[in-house]
Amino acid sequence: MIPFWRWEAREAGLGLESPFLEVRGVAKVFHVNGSAKTALAGIDLTARRGELICLLGRSGCGKSTLLKILAGFLSPTSGEVRLEGAPILGPGPDRSVIFQEDALFPWLTVEENIAFGLRNRKLAPGTARGEVQRFLDLVGLDAFRDYLPREISGGMKQRVALARVLILRPKVLLMDEPFGALDAQTREEMQGLLLDIWERLSHTIVFVTHDVNEALVLADRVLVMGSASGRIEGEIPVSLARPRAKDHPDFLALGCTLHAALRPS
């Protein structure tokens, strides 16, 4: 069966390998207490439909700032961002964001949190229930549908957060260190779940992380941001077959390359 987003792209005559997210010359300067601080300086990147890109860098290098510009939460000081040729001028339903904090509504159940975004879609009740059931099953939470957020684990909360945005069928999923607060085992489980969902639904993902192993487990390409420059200093394709074994010599070699790229010059 062809995943529905990939099917829609094919039927629309859009090449799956064509760049459709473009960042051109994006800079961001913040003014704090009368002084200017450059967070981003001339960022250029493109992403193909269905590509999974990791932005890798140390804290403070501008990764989250770039993600917020892609989301439309911040405007660049200069440069532009385009999605399928149209400029991104603010937030939109074609882009969804998941942060490290799950931001669930504590008074709503798992099922109600996932269904929340459909309220403005004017779907028939049966259609809406079917969609919610589909995404409950997709993230493995059908048995917890009536639980409140305080009654489930951190990993489960992130599953709810993931389902809540994916049910809206965004073209781009923007993820800002979403698994950073989880324990090591749960983090690996969430990485596996994300890859499984990505392979099923074929959305484009821009994933921010400072963890080299996480970037290599997930990414088609890793973009390395400089620790102080606010620029993308390197791009490393990851052609290893999935699932990726962390003890494989090629995985270890790429890890050494990325660790070296992250060291201050």
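By convention here, each chain's residues receive numbers from 1 onward along its written sequence. In view of the model being predicted, local features appear only for residues whose pLDDT reaches at least 70, and side-chain atom pairs are presented and counted only at 80 or more, with totals across whole chains, interfaces and linings using the full set of residues. Calculation of side-chain values draws on the structure's entire complement of heavy atoms; hydrogens and water are dropped beforehand.

When you look at the packing of helix α5 (residues 154-166) against helix α6 (residues 184-201) in this model, what are you seeing that I'm missing?
The geometry of a pair of packed helices is captured by two quantities: the angle between their axes and the separation between those axes. Only the stretch in contact is used when fitting a helix axis, every axis being a line fitted to C-alpha atoms; angles between N-to-C directions are given from 0 to 180 degrees. Segments assigned H or I by DSSP are reported as helices when at least four residues long, segments assigned E as strands when at least two residues long, and all are numbered from the N terminus. For the pair α5 and α6, interaxial distance at closest approach is 10 Å and the crossing angle is 20°. Taken together, the axes of α5 and α6 are roughly parallel relative to one another. Where α5 crosses over α6, the two elements pack in a sense that is right-handed. Across from Gly155, Gln158, Arg159, Leu162 and Leu166 in α5, the residues of α6 making contact are Thr186, Met190, Leu193, Leu194, Ile197 and Leu201. In these notes the angle categories are as follows: under 35 degrees is roughly parallel, over 145 is roughly antiparallel, 65 to 115 is roughly perpendicular, and the rest is oblique. For a crossing to be left-handed, the near helix must be turned anticlockwise from the far one by less than a right angle; the clockwise case is right-handed. Only heavy atoms matter for contacts: two residues are in contact if any of them lie within 4.5 Å across the pair.

Sorry if this is basic, but what is going on with the packing of aromatic side chains here?
Any pair of aromatic rings gets described here by the distance separating the centres and the angle formed by the planes. Pairs were defined over the aromatic rings of Phe, Tyr and Trp, the Trp ring being its six-membered one, requiring ring centres within 6.5 Å. Orientation was assigned from the angle between planes: stacked under 30 degrees, edge-to-face over 60, tilted for the rest. Under the criterion given, the structure shown has 4 aromatic pairs. Taking 4.6 Å as the distance between ring centres and 50° as the angle between the ring planes, the aromatic pair formed by Phe105 and Phe116 counts as tilted. Highlighted residues: Phe105 in the loop between β6 (95-98) and α3 (110-115) and Phe116 in the loop between α3 and α4 (125-138), separated in sequence by 11 residues. The buried label goes to any residue with under 20% of its type's maximum accessible area, the exposed label to any with over 50%, and the partly exposed label to all in between, with areas taken from a 1.4 Å probe on protein chains only. Residue classification places Phe116 among the partly exposed positions, given a relative accessible area of 31%. Chaining the aromatic ring pairs together yields one cluster made of Phe105, Trp107 and Phe116. Only when the NZ atom of a Lys or the CZ atom of an Arg is both within 6 Å of the ring centre and within 35 degrees of the ring normal do we say a charge sits over the ring. The ring of Phe30 carries the charged tip of Lys28 above its face, separated from the ring centre by 5.4 Å. When the ring centre of Phe20 is taken as origin, the NZ or CZ atom of Arg49, which lies over that ring, is 4.9 Å away.

Help me understand the sheet that holds strand β5 (residues 86-87) in this model?
Two pairing modes exist for strands in a sheet, parallel and antiparallel, and in both the strands are linked by backbone hydrogen bonds. Spatially, the 4 strands line up as an open sheet ordered β2-β1-β4-β5, and their pairing is antiparallel. A strand with exactly one partner marks an edge of an open sheet, and here the two such strands are β2 (35-48) and β5. One bridge is not enough; two strands pair if DSSP finds at least two bridges between them. Bridge analysis of strand β1 (residues 19-32) against β2 gives 10 bridges, and the strand direction is antiparallel. In the sheet register, Pro19 faces β2, and the bridge partner there is Arg48.

Please explain the environment of Val81 as it appears in this structure.
Within the secondary structure layout, Val81 lies in strand β4 (residues 78-83). With relative accessibility at 4%, the residue Val81 sits in the buried group. Residues Val81 and Leu45, 36 residues apart in the sequence, show an inter-C-alpha distance of 9.5 Å.

Help me understand unusual backbone geometry in this model?
Glycine aside, residues mostly have negative phi angles, and peptide bonds mostly take the trans form. Of the consecutive residues Arg242 and Pro243, the connecting peptide bond is found in the cis state with omega at -5°. On the secondary structure map, Pro243 appears in the loop between β10 (232-237) and α8 (249-262). Notably, Arg169 is not glycine yet its phi reads approximately 55°, a positive angle. Relative accessible area serves as the criterion here: at 34%, Arg169 is assigned to the partly exposed category.

When you look at the confidence of the model for the protein in this model, what are you seeing that I'm missing?
Fine structural detail should not be taken from predicted coordinates in areas where pLDDT scores are low. Overall, the predicted model of the protein reaches an average pLDDT of 89, with 93% of residues at or above 70. The predictor's confidence in any single residue is recorded as pLDDT, a number from 0 to 100. In the model, residues 1-16 has pLDDT below 50 throughout and makes 25 contacts with residues more than four positions away in sequence or in other chains.

Any chance you could explain the side chain of Arg164 here in plain terms?
Within the element layout of this structure, Arg164 appears in helix α5. Although Arg164 is buried, it makes no salt bridge; Asp102 carries the closest opposite charge, 6.5 Å away. In protein, a polar contact requires one atom able to donate a hydrogen and another able to accept it; more generally it is a pair of N or O atoms within 3.5 Å, and residues adjacent in sequence count only if both atoms are side-chain atoms. In this structure the side chain of Arg164 is engaged in a polar contact, spanning 3.4 Å, whose partner is the side chain of Asn113. Setting aside anything within four residues of it in sequence, one finds Arg164 in contact with Asp102, Ala103, Leu104, Phe105, Asn113 and Ile114. For the charge count, each Lys or Arg is scored as positive and each Asp or Glu as negative, with His and the chain ends excluded. For this document, the term salt bridge refers to a Lys or Arg side-chain nitrogen within 4 Å of an Asp or Glu carboxyl oxygen.

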